[in-house]
Amino acid sequence: MKKVAGIIAAVTTLFMVTACNEKTNSVQEDKRPTVRLVTDATGIDDKSFNAAAWRGILKYYGDSWENQSLRGKKYDVITCATQDQYIPTLKQMSDEGYDLIVTTGFTFADALGEVAAQYPEQKYMIVDVDYVQAPNVMDFVFTEEQGSYLVGAAAALQAQAEGVVNPKFGFIGGIPGATITKFEVGYIQGILSVLPNAEVVDYYANDWGKPELAKTQAKNWFDNGVYAIFSAAGGTGNGTIAQTKEYRIQGKNVWAIGVDSDQYEDGIYADKKSAVLTSMVKRVESATVNGLEAVANGSFSGKVVNLSMGDEGVDMATTNPELLPDVVSKIAQIKADIISGKITVVPTYKESLEKGLVPAGLGAMDN
């Protein structure tokens, strides 16, 4: 019996080693590039910008949020708790020799520019920046103003259809800068294209990860007649959704507008009821897939890639069944007009002011 047991144990061990080797060889034979995503403190659980970048990486490898089978092998994510960690983290990743290093957001621009110059053979990409422009860096930018115009117009059309008298609209930004300005001025242009005399208020939290600030501001605005709030503030914007859910549960007719990802699910407060009327969908996942494909097929180069509405880089979510069908229909025509060039959405605060498209006194900044 001991001899038989020994034979069985040996066979079992051999089977386990063989299976392990086959799995290891399978990963080693996978010729797809390796990648590391480096994010700010909000990480990939921000349900917004970083989450979208991560989804693109998962999509490229055929994985999903629920099944990240190649994480730690072909791809992974590193979260920097503070900005002073950006440079050492990027250097460490560069020393480890991944095929592509991805950074998200303009707060990484200076750090990436410095590190990329020190590692000329390493390939990098950055989302939301068009000014690093190094030979080994792909800069990805989006026409956020176009998608934001759609959600602004949709909110105004919804208020109009509901017969809301003198609706006000709010915008909550994270850290001021050219990218977030595109969200704000596009949103306001969309609102005023429907309701030229509408009042718009704005607030900047100067942080991407403090939802309590957005929640407090949202409550204040809703209590003073604001109908809808669009937040382009990363994890901070989750506070807007939280407050809107509380008020809709109480029966108040107020709305949150999501950003970057379709945040309909995040706004659910009852069966098929969401506090998120719509979301400005910014397909950051398209950028990460694009970057990985460029590395894989040998076409990677230092350049700026602009993903517009016509490139399916930005759009508007229509998931919420409470978004009126007539509003959805009108938005479809507006979208077509933007793509065709019939409607031009101005991306800067300076030009928007000069053309009388937005009010003075906003917190928006062009640089």
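Rules behind the numbers
Residues numbered from 1 in each chain as written. Predicted model: local features only at pLDDT ≥ 70, side-chain atom pairs only at ≥ 80, totals over all residues. Heavy atoms only, no water. Helix = DSSP H or I, 4+ residues; strand = E, 2+ residues; numbered from the N terminus. Buried < 20%, exposed > 50% of the residue type's maximum accessible area, 1.4 Å probe, protein only. Contact = heavy atoms within 4.5 Å. Areas by Shrake-Rupley, 256 points an atom, 1.4 Å probe, with all protein chains shown as cover. Lys, Arg positive; Asp, Glu negative; His and termini not counted. Charge placed at Lys NZ, Arg CZ, Asp CG, Glu CD. Pairing = 2+ DSSP bridges. Axes fitted to C-alpha atoms, helices over the stretch in contact; angles between N-to-C directions. Core = buried A, V, L, I, M, F, W, Y, C linked by side-chain atoms within 4.5 Å. Salt bridge = Lys/Arg side-chain N within 4 Å of Asp/Glu carboxyl O. Expected span 1.5 Å × (residues − 1). Parallel < 35°, antiparallel > 145°, perpendicular 65-115°, else oblique. Left-handed = near helix turned anticlockwise from the far one by under 90°. Nonpolar A, V, L, I, M, F, W, Y, C, P; charged D, E, K, R; others polar. pLDDT = per-residue confidence, 0-100.

Caption draft 1: Quick look at the overall build of the protein chain. Summing up its helical and strand segments, the protein chain has 11 helices and 14 strands in all. Principal-axis analysis of the C-alpha atoms places the extent of the protein chain at approximately 85 × 50 × 40 Å. In the protein chain, which comprises 367 residues, the proportion classed as buried is 52%. For the protein chain, the share of sequence-separated contacts (at least 6 apart) that also reach a separation of at least 24 residues comes to 69%. For the protein chain, the exposed area adds up to about 16,200 Å²; of that, 52% sits on carbon and sulfur atoms. Looking at the protein chain, you have 32 positive and 45 negative side-chain charges, and the mean spots of the two groups are 6 Å apart.

Caption draft 2: Here's a closer look at the sheet that holds strand β4 (residues 124-127). The strand order across the open sheet built from six strands is β2-β1-β3-β4-β5-β13, with neighbouring strands paired in parallel fashion. The two strands at the open ends of the sheet, each matched to only one other strand, are β2 (75-79) and β13 (303-307). Direction aside, the axes of adjacent strands within the sheet are offset by 20° on average. Relative to strand β5 (residues 137-142), β4 runs parallel, the two sharing four bridges. Its bridge partner lying in β5, valine 127 is registered against phenylalanine 140. Across the face of the sheet, helix α9 (residues 284-297) comes into contact with β1 (35-39), β3 (100-104), β4, β5 and β13 while running at roughly 155° to β5.

Caption draft 3: Structural view of the nonpolar core. Phe169, Tyr187, Phe230 and Ile331 are the most contacted members of the largest nonpolar core, which totals 77 residues. For this core, the leading source of residues is helix α5 (residues 144-161), giving nine residues. Filtering out sequence-adjacent residues up to four positions away, isoleucine 331 remains in contact with Leu150, Ala153, Ala154, Leu157 and Met316. Grouped together as the second largest cluster of nonpolar side chains are 19 residues, Met93, Phe108, Tyr124 and Val132 included.

Caption draft 4: Layout of the sheet that holds strand β7 (residues 199-204). Read across the open sheet, the six strands follow the order β7-β6-β8-β9-β12-β14; overall the sheet is mixed. The sheet is open, and its two edges are formed by β7 and β14 (314-316), each paired on a single side. Taking each pair of neighbouring strands and ignoring which way they run, the sheet shows an average axis angle of 15°. Sheet analysis places strand β6 (residues 168-173) next to strand β8 (residues 226-232), joined by six bridges and oriented parallel. Bridging from a neighbouring strand, phenylalanine 171 pairs with phenylalanine 230 of β8.

Caption draft 5: Up close: the pattern of salt bridges. One pass over the structure, following the stated rule, counts 14 salt bridges. With its nearest N and O atoms 2.9 Å apart, the salt bridge here joins lysine 355 to glutamate 351. A single salt-bridge network, built from bridges that share partners, covers Asp128, Glu144, Lys182 and Lys282.

Caption draft 6: Geometry of helix α10 (residues 325-340). For α10, which comprises 16 residues, the first-to-last C-alpha distance of 23 Å matches the rise-based estimate of 22 Å (1.5 Å per residue) to within 8%. Where α10 is buried, its residues meet α5 and β14. Remark: glycine 341 follows α10 within two positions and exhibits a positive phi of approximately 95°.

Caption draft 7: Just unusual backbone geometry, in detail. With a phi angle near 85°, aspartate 128 is a residue other than glycine that sits in the positive phi range. Tracing the chain through its elements places aspartate 128 in the loop between β4 and β5. You can call aspartate 128 buried: its relative accessible area is 10%. The backbone of glutamine 133 shows a phi angle near 45°, a positive value even though the residue is not glycine. Among the structural elements, glutamine 133 can be located in the loop between β4 and β5.

Caption draft 8: Local environment of the packing of α5 against α10. Put simply, α5 and α10 touch, their axes get as near as 10 Å, and they point 150° apart. Relative to α10, the element α5 is oriented roughly antiparallel. Taken as a pair, α5 and α10 cross one another with a handedness that is right-handed. Residues Gln146, Tyr149, Leu150, Ala153, Ala154, Leu157 and Gln158 of α5 form the contact with α10, whose own contacting residues are Val327, Lys330, Ile331, Ile334, Lys335 and Ile338. Of the residues belonging to the contact of α5 with α10, the class tally is nine nonpolar, two polar and two charged.

Caption draft 9: The arrangement of the packing of helix α7 (residues 211-223) against helix α8 (residues 238-249) in detail. Relative to each other, α7 and α8 sit at 45°, their axes nearing to 6 Å. Regarding the angle of α7 to α8, the classification is oblique. Viewed along their axes, α7 and α8 form a crossing whose handedness is right-handed. Facing α7, whose interface residues are Pro211, Ala214, Lys215, Ala218, Lys219, Phe222 and Asp223, α8 presents Asn238, Gly239, Thr240, Ala242, Gln243, Thr244, Glu246 and Tyr247. Taken together, the residues of the contact of α7 with α8 sort by class into six nonpolar, five polar and four charged.

Caption draft 10: Just the confidence of the model for the protein chain, in detail. Mean pLDDT over the protein chain: 92, with 92% of residues reaching 70 or higher. For the stretch residues 1-5, pLDDT sits under 50, and the model shows zero contacts to residues farther than four places along the chain or on other chains. Within the model, the stretch residues 7-25 combines pLDDT values under 50 with zero contacts to residues more than four positions away or in other chains.

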